[in-house]
Amino acid sequence: MKIVLFDHSFEGLLSAVFEVFHLKLKEAKLIGQNNHTASFFDEEIWVSTDQEKAARVAKGIVKVGGKSDLTWLYRCFLSELAEVPQLILEYIRQLMVDKHSGKNDFSRNVVIQLQKINKMIGREKHRMDAFVRFEKTADGLYFAGIAPDFNVLPLNAKHFKNRYADQHWCIYDVKRDYGLLYNLESLRHVHLPSVNANLHSTPSNLLAEDEVAYKKLWKNYFESTNIQERANKKLHTQHVPKRYWKYLSEKYILDY
Amino acid sequence: MNFDRIKEKLSILADAAKYDVSCSSSGSKRTNKKKGLGDSSGMGICHTYTADGRCVSLLKILLTNHCIFDCAYCVTRKSNDIKRAAFKVQEVVDLTINFYRRNYIEGLFLSSGIFKNADYTMERLILVAKKLRLEENFNGYIHLKSIPGASDDLMYEAGLYADRLSVNIEIPTQNGLKLLAPEKNREDFLKPMKKVRNEIVKYKSEKKLIKSTPVYAPAGQSTQMIVGATNETDAQVMYTAAHLYKKYNMKRVYYSGYVPISYDSRLPAIGTEVPMLRENRLYQTDWLLRFYGFSIEELLNQKHPNLDSDIDPKLSWALRNLHLFPVDINKADKQQLARIPGVGLKSVYKILQARKYRKLGWHHLKKMGIALNRAQYFILCDSRDFLKADMSPQQIKSKILAQGNSKYKPLFNSQLNLFE
Ligand code: SF4
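Reading the values: the criteria
Residues numbered from 1 in each chain as written. Chains lettered and ligands numbered in written order. Predicted model: local features only at pLDDT ≥ 70, side-chain atom pairs only at ≥ 80, totals over all residues. Heavy atoms only, no water. Helix = DSSP H or I, 4+ residues; strand = E, 2+ residues; numbered from the N terminus. Buried < 20%, exposed > 50% of the residue type's maximum accessible area, 1.4 Å probe, protein only. Contact = heavy atoms within 4.5 Å. Areas by Shrake-Rupley, 256 points an atom, 1.4 Å probe, with all protein chains shown as cover. Lys, Arg positive; Asp, Glu negative; His and termini not counted. Charge placed at Lys NZ, Arg CZ, Asp CG, Glu CD. Pairing = 2+ DSSP bridges. Axes fitted to C-alpha atoms, helices over the stretch in contact; angles between N-to-C directions. Domains from an automatic or database assignment. Buried area = accessible area lost by both parts, 1.4 Å probe. Salt bridge = Lys/Arg side-chain N within 4 Å of Asp/Glu carboxyl O. Polar contact = N/O pair within 3.5 Å; in protein donor to acceptor, adjacent residues only side chain to side chain. Nonpolar A, V, L, I, M, F, W, Y, C, P; charged D, E, K, R; others polar. Core = buried A, V, L, I, M, F, W, Y, C linked by side-chain atoms within 4.5 Å. Expected span 1.5 Å × (residues − 1). Phe/Tyr/Trp six-rings, centres within 6.5 Å; stacked < 30°, edge-to-face > 60°. Lys NZ or Arg CZ within 6 Å of the ring centre and 35° of its normal.

Participant: Would you take a moment to explain the overall build of chain A for this structure?
Facilitator: Of regular secondary structure, chain A possesses 8 helices and 8 strands. The dimensions of chain A, computed from C-alpha atoms along their principal axes, are 65 × 45 × 40 Å. Out of the 256 residues belonging to chain A, those deemed buried represent 52%. Of the contacts formed within chain A by residues at least 6 apart in sequence, a portion of 68% connects residues at least 24 apart. Approximately 12,600 Å² of chain A is accessible, and the part contributed by carbon and sulfur atoms is 52%. Both charge centroids of chain A, one from 37 positive and one from 31 negative side chains, sit 6 Å from each other.

And the structure:
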């Protein structure tokens, strides 16, 4: 068994797939370098990321399985789950044998696992679309911190760009320490050294004058729209699992 | 802005609007124009959930809760001793924009008590929508709950700015309406609905010829019925709903279990439970009509005027029609598959996809996540075991129920439709 290591980037993963095919490795295990603990019995190969090789693999996937296969695999990759690189490799191997997409063959184990992961990614992406709460800062930037379970921010970009085309905004993944900044023209990746890892912890002197007032109005609205007689706590936590409550300013006791 | 005053108005006017259960923000195709604010072309988003598990997608408020009418089932009724308030048009515009910019909401759901008369009130609702679209270049979602009795001209204008229009029918039967809101008549509700339907049809056909035809209510129209305020049967509710879907091209009919808010002896007493399970069964039936190809007569009829509370309406239908089963998973068409209890539309899709590759047996179905505890009695697959083995409907039912109610939890609740 050969252990094939790569640098955790998607291009790195595709480069590793390239090597597996190139070296005709029958038995290979694809692992992100930080998820691997060395053992006596396995032989390790470290593959460095090569844009050109990655592009060739991507092109191959699109040619045989269609563009949706590539997007699908990329989305699964964003889960950062340790087992995903291997699942992706297995899927691509079969793809090259079948010469057509097997993405919907729900009777295959690899497919079922990847579909499940893809669904989780979709859910997390959708949750971030929903639970981002912008705070308006004194200089007019709408800022929101997030800490998603998976690295879904790249998938959220389009949604927010279409929606908030006329305001400056930034969504920052405090867990992975990078963000997206929109300046009315384009989006770019940013790294902000001073961002606090706690959500909703922007000091109030940095906030716009009416920001706290709007937060309070929103909380007030949230409470007024509840129907006491229909209370259903179980259903509530099913929709918003507790770990997401941190995003929702309306659930916070505001102590301004 | 005087935030304290706004806060007070907001509590009163959000509280008064909350009994309208619709919170859908999907179905519009409005995209961001000229680098403005907002986009409502995607599927609806719930930005949070109330403690009762309902989706919060829109800022749902009344413009005012002053009302000249006295409908018994409504908190806003004239004779009710409550605090009254009224928003200024600009205040609603500012709230909507500021909530939207912070990603709290998908848009606005605006309704109102009737002050002066229907048209006067309707004009003010339209003014809010118009300002949002023309002055703020707002492309978020706008739902205007229209005023019964509003004129055709105003209903036309409303559709130029709103994504969705609704007129609530409120009481499912004519007699019920006579009893609880004698000042009102059916025609006041139906006339604006008709106008909206005709304009939508007209828009669709003109659009084909003239590209620049102004968009009219792209997310269609909806309505709501209160259930359990009068003693109507489920059949009466659902036949009315089926009629509205067919004759008025409704996008959605909502069912709202009556929340007791009055000591009026014509109504269920305060403290009576909200009929949530019934509401749930009605939604399931609604779903079967709209997506599963069932006709209303199959689900409710003279012999069977009310839905079962212990089992869902599809299972109930299947047990009454055992002669149509078992269905062969590997051969049946889409329609037939969708009629199997425990098999939802997503499962139908998975079955159709997977059987292209191989014949499906029990373990495949299980892996796909199909509710075999129900489905197993109604299907054949690539296996010799067929579990039904001449069981009677009653036997099957008690076997399924014996598996415990937890699995049997109502699968759809009124909010599942968010992603319609
Ligand atoms: S007219 Fe509308 S707001 Fe007024 S009492 Fe009747 S239902 Fe309520």
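On we go from here.
Participant: What's the story with the sheet that holds strand β1 (residues 2-6) of chain A in this structure? I'm lost.
Facilitator: Whenever strands of a sheet pair, they do so through backbone hydrogen bonds, lying parallel or antiparallel. Residue and element names in this part refer to chain A. Spatially, 3 strands are ordered β2-β1-β3 in an open sheet, and the strand pairing comes out parallel. The open sheet is flanked by β2 (28-32) and β3 (43-46), the only strands paired with a single partner. Put simply, the sheet's adjacent strands are angled 25° from each other on average, direction ignored. As paired elements, β1 and β3 share 4 bridges and run parallel to each other. When the bridges of β3 are listed, L5 appears paired with W46. Running at roughly 140° to β2, helix α4 (residues 84-98) makes contact with β1 and β2 of the sheet.

Participant: Hey, could you run me through the domain arrangement of chain A in this one?
Facilitator: Frequently, the measure chosen for interface size is the accessible area that the parts lose on association. Residue and element names in this part refer to chain A. Partitioning chain A into domains gives domain 1 (2-123) and domain 2 (132-251). Between domain 1 and domain 2, the contact holds 7 residues from the first and 6 residues from the second. Counting the surface lost from both domain 1 and domain 2, the interface buries some 620 Å², and carbon and sulfur atoms represent 68% of this. Among the residues of domain 1 in contact with domain 2, L78, E80 and I121 are the three that bury the most area, contributing 62% of the side total. Taken together, domain 1 and domain 2 are joined by 1 salt bridge.

Participant: Got a minute to help me understand the pattern of salt bridges in this structure?
Facilitator: Opposite charge on two side chains permits them to pair, given that their charged atoms come into close proximity. Inspection of every chain in the model, using the stated rule, returns 36 salt bridges over all chains. Between E211 of chain A and R102 of chain B there is a salt bridge whose closest N-O contact spans 2.8 Å. Within this pair, whereas E211 of chain A is found in helix α7 (residues 211-224), its partner R102 of chain B is found in the loop between α2 (89-101) and β4 (107-111), the two belonging to separate chains. Exposure remark for R102 of chain B: the relative accessible area of 0% places this residue in the buried category. The partner of D312 of chain B in a salt bridge is R374 of chain B, and the shortest N-O contact between them spans 3.4 Å. With D312 of chain B in the loop between α9 (296-299) and α10 (313-320) and R374 of chain B in helix α14 (residues 372-375), the pair connects residues that are 62 residues apart, well separated along the chain. Each member of the pair, D312 of chain B together with R374 of chain B, is buried. Each of E19, D50 and K53 of chain A takes part in one network of salt bridges that share partners.

Participant: In this structure, what is going on with the interface of chain B and chain A? I would like to understand it.
Facilitator: If you look at the interface, chain B gives 62 residues, while chain A gives 55 residues. Contact with chain A buries area across many residues of chain B, yet R101, R102 and Y104 of chain B alone supply 13% of it, more than any other trio. Here chain B is connected to chain A by 5 salt bridges. Note that R163 of chain A and E106 of chain B form a salt bridge whose closest N and O atoms lie 2.5 Å from each other. At the surface where chain B touches chain A, the tally comes to 27 residue pairs in polar contact (both at pLDDT 80 or more). At the level of secondary structure, the elements contributing two or more residues to the side of chain B that touches chain A comprise α1 (3-17), β1 (48-49), β3 (58-62), α2, α8 (276-291), α12 (345-354) and α13 (362-367) of chain B. By residue number, the principal contributor to the side of chain B that touches chain A is α1 of chain B, which donates 7 residues. The residue inventory of the side of chain B that touches chain A, partitioned by class, reads 30 nonpolar, 15 polar and 17 charged.

Participant: Mind showing me how you'd approach the nonpolar core here?
Facilitator: Inside soluble globular proteins, nonpolar side chains tend to come together where they are buried. Counting 125 residues, the largest nonpolar core has I61 and F99 of chain B as the members making the most contacts within it. No other element matches helix α5 (residues 109-131) of chain A, which puts 8 residues into this core. Grouped together as the second largest cluster of nonpolar side chains are 76 residues, M238, L244, L319 and I340 of chain B included.

Participant: What should I look at first to understand α2 of chain B in this one?
Facilitator: Residues spaced three or four apart along an α-helix face the same direction, because each turn holds 3.6 residues. Residues and elements named next belong to chain B. Taking 1.5 Å per residue, 13 residues should reach 18 Å; α2 reaches 19 Å between its end C-alpha atoms and fits that length. For α2, the buried fraction is high: 11 of the 13 residues fall into the buried class. Listing the buried residues of α2 in full gives V89, E91, V92, V93, L95, T96, I97, N98, F99, Y100 and R101. Among the residues trailing α2, N103 stands out with phi positive, at a value near 65°.

Participant: Sorry, what's going on with the packing of aromatic side chains here?
Facilitator: Aromatic rings in a pair are described by how distant their centres are and how their planes are angled relative to each other. All chains considered together, the criterion is met by 25 aromatic pairs over all chains. Seen in terms of ring centroids, Y214 of chain A and F3 of chain B are 5.3 Å apart; in terms of plane orientation they differ by 85°. Their pairing is edge-to-face. On the criterion of chain membership, the pair formed by Y214 of chain A in helix α7 and F3 of chain B in helix α1 is interchain, its members lying in two chains. Classification of Y214 of chain A as buried rests on a relative accessible area of 3%. Look at F3 of chain B and you get partly exposed, because its relative accessible area is 23%. Through successive ring pairs, a cluster of aromatic residues spans F134, Y142, F160, Y164, W169 and Y182 of chain A together with Y100 and F138 of chain B. Cation over ring: R252 of chain B sits above Y254 of chain B, and NZ or CZ is 4.6 Å from the ring centre.

Participant: Sorry, what's going on with the environment of K18 of chain B here?
Facilitator: With respect to the helices and strands, K18 of chain B occurs in the loop between α1 and β1. Placed 351 residues apart in sequence, K18 of chain B and G369 of chain B show a C-alpha to C-alpha distance of 36 Å. Ignoring sequence-local partners within four residues, the contact set of K18 of chain B consists of S224, T225, N226 and I227 of chain A together with R54 of chain B. A distance of 3.0 Å separates polar atoms of two side chains, one belonging to K18 of chain B and the other to D15 of chain B.

Participant: Is there a simple way to explain the domain arrangement of chain B in this structure?
Facilitator: When its domains are assigned, chain B resolves into domain 1 (3-299) and domain 2 (313-419). Taking only C-alpha atoms into account, the centre of domain 1 of chain B sits 36 Å from that of domain 2 of chain B.

Participant: I would appreciate a short explanation of the sheet that holds strand β6 (residues 164-166) of chain B in the present structure.
Facilitator: Residues and elements named next belong to chain B. In spatial order, the strands read β3-β4-β5-β6-β7-β8; together these 6 strands make up an open sheet with parallel pairing. The outermost strands of the open sheet, each flanked by one partner alone, are β3 and β8 (252-257). Averaged over all pairs of adjacent strands, the angle between their axes in this sheet comes to 20°, without regard to strand direction. Direction of pairing for β4 relative to strand β5 (residues 141-145): parallel, over a ladder of 4 bridges. Note on β5: the bridge partner recorded for G107 is Y141. This element, helix α3 (residues 118-135), spans β4 and β5 of the sheet and lies at about 170° to β5. α8 contacts β7 (221-227) and β8 of the sheet and is inclined by roughly 165° relative to β8.

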